[in-house]
Amino acid sequence: MTAAHVVVEDIDRDVVRLGAGDAHHLGAALRLRPGEEVSATDGGGGWRLYRWEGGGLLNAVSAPTFSERPSPPLTVGFAPVKGERPEWAVQKLTELGIDRILVLRTARGVVRWGPPQVERMRRVARQALMQSRGVWLPAVEGPVDFCEAIRLPGAALADPGGGPVWVGCTVVLV
């Protein structure tokens with residue numbers, strides 16, 4: 001069993017140097033020892049086993065493997081609320097394998113998000129992918145106007161009194 005899972009730029013490279021944050025996580029937080037195996041993904045369905053050499057260096061021990069994306073692609077959009085709930089939502093949606101996460105801008109929403117907050121959610125998705133050992137990193141987009149999102153093909157609004165979703169429903173807005 002692998003000790004850790006990381007996201008790397010390119011799994012076709014036999015030797016990978018991790019960024020400072022990932023190297024610190026493997027070496028200091030997880031206390032990996034040189035020689036231990038680490039799985040790595042490119043976030044696009046590819047993954048590969050590497051050996052941790054310490055100092056942020058990984059050496060390949062297997063050939064790259066590619067997993068097909070589940071079909072149909074699924075999108076979930078949500079209106080952000082105050083506190084840590086948006087982070088929790090992005091974590092869980094990533095762990096579930098959702099392909100695209102939309103941060104919605106709504107008429108009555110109190111929380112107003114811009115590019116810095118969406119970028120933070122992208123980092124949260126990346127961390128959740130590593131934690132869950134996934135290979136498909138969801139796209140995190142936004143803020144998107146609710147009126148635009150509801151017009152997406154296959155879109156449905158999650159409503160407590162709503163009916164069941166239909167076979168073609170690939171976008172759920174909360």
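Residues numbered from 1 in each chain as written. Predicted model: local features only at pLDDT ≥ 70, side-chain atom pairs only at ≥ 80, totals over all residues. Heavy atoms only, no water.

### A few points about the overall build of the chain
Part 1 of the reasoning: Counting its regular elements, the chain contains four helices and 11 strands.
Part 2 of the reasoning: Residue burial in the chain is summarised as follows: out of 174 residues, 38% are buried.
Part 3 of the reasoning: Considering only residue pairs separated by 6 or more positions, the chain has 62% of its internal contacts joining residues 24 or more positions apart.
Part 4 of the reasoning: Summed over all atoms, the accessible surface of the chain reaches about 10000 Å², with 55% contributed by carbon and sulfur.
Part 5 of the reasoning: Here the chain contributes 20 positive and 19 negative side-chain charges, whose respective centroids are spaced 6 Å apart. (Helix = DSSP H or I, 4+ residues; strand = E, 2+ residues; numbered from the N terminus. Buried < 20%, exposed > 50% of the residue type's maximum accessible area, 1.4 Å probe, protein only. Contact = heavy atoms within 4.5 Å. Areas by Shrake-Rupley, 256 points an atom, 1.4 Å probe, with all protein chains shown as cover. Lys, Arg positive; Asp, Glu negative; His and termini not counted. Charge placed at Lys NZ, Arg CZ, Asp CG, Glu CD.)

### Overview of the packing of helix H2 (residues 85–96) against helix H3 (residues 115–132)
Part 1 of the reasoning: One way to put it is that H2 packs onto H3 with a least axis distance of 8 Å and a crossing angle of 45°. Looking at the two axes, H2 sits oblique to H3. The element H2 and its partner H3 pack so that their crossing is right-handed. Residue-level contacts link Pro86, Glu87, Val90, Gln91, Thr94 and Glu95 of H2 to Arg120, Met121, Val124, Ala125, Ala128, Leu129 and Ser132 of H3. (Axes fitted to C-alpha atoms, helices over the stretch in contact; angles between N-to-C directions. Parallel < 35°, antiparallel > 145°, perpendicular 65-115°, else oblique. Left-handed = near helix turned anticlockwise from the far one by under 90°.)

### Some words on the environment of Gly142
Part 1 of the reasoning: Take Gly142: it is sitting in strand E9 (residues 139–145).
Part 2 of the reasoning: Taking C-alpha positions, Gly142 is 7.7 Å from Gly114, a pair spaced 28 residues apart along the chain.
Part 3 of the reasoning: Dropping the residues within four chain positions of it, Gly142 is found in contact with Val103 and Val118.

### Description of helix H1 (residues 20–29)
Part 1 of the reasoning: For H1, the full list of buried residues reads Asp22, Ala23 and Leu26. Taken around the axis of H1, the buried residues stretch over an arc of 100°, which confines them to a single face. Opposite its buried face, H1 presents the exposed residues Ala20, Gly21 and His24, each directed more than 90 degrees away.
Part 2 of the reasoning: The elements touched by buried residues of H1 are strand E1 (4–7), strand E3 (37–41), strand E4 (46–54) and H3.
Part 3 of the reasoning: Phi for Arg31, located one or two positions after H1, is positive at around 55°. (Arc of directions from axis to C-beta.)

### Focus: the nonpolar core
Across soluble globular proteins, nonpolar side chains have a tendency to be buried as a group.
Part 1 of the reasoning: Counting 17 residues, the largest nonpolar core has Val6, Val8, Leu18, Leu26, Val38, Trp52 and Leu58 as its most contacted members.
Part 2 of the reasoning: Mapped by element, the contributors of at least two residues to this core are E1, H1, E3, E4 and H3.
Part 3 of the reasoning: For this core, the element with the highest residue contribution is E1, accounting for three residues.
Part 4 of the reasoning: Not counting residues within four places of it along the chain, the set of residues in contact with Trp52 comprises Leu18, Ala23, Leu26, Gly27, Leu32, Arg33, Pro34, Gly35, Glu36, Val38, Leu57 and Leu58.
Part 5 of the reasoning: Membership of the second largest hydrophobic core comes to 13 residues, among which are Ile98, Ile101, Val118 and Ala125. (Core = buried A, V, L, I, M, F, W, Y, C linked by side-chain atoms within 4.5 Å.)

### A closer look at the pattern of salt bridges
Part 1 of the reasoning: Enumeration over the complete set of coordinates arrives at nine salt bridges.
Part 2 of the reasoning: We note a salt bridge from Glu53 to Arg51, for which the minimum N-O separation is 2.7 Å.
Part 3 of the reasoning: Accessibility expressed as a relative area gives 33% for Arg51, which makes it partly exposed.
Part 4 of the reasoning: Two residues, Asp145 and Arg105, come together in a salt bridge whose shortest N-O distance is 2.7 Å. With Asp145 in strand E9 and Arg105 in strand E8 (residues 100–105), this residue pair connects regions lying 40 residues apart in the sequence.
Part 5 of the reasoning: A relative accessible area of 29% places Asp145 in the partly exposed class. (Salt bridge = Lys/Arg side-chain N within 4 Å of Asp/Glu carboxyl O.)

Interpretation in functional terms is not warranted from these geometric data alone.
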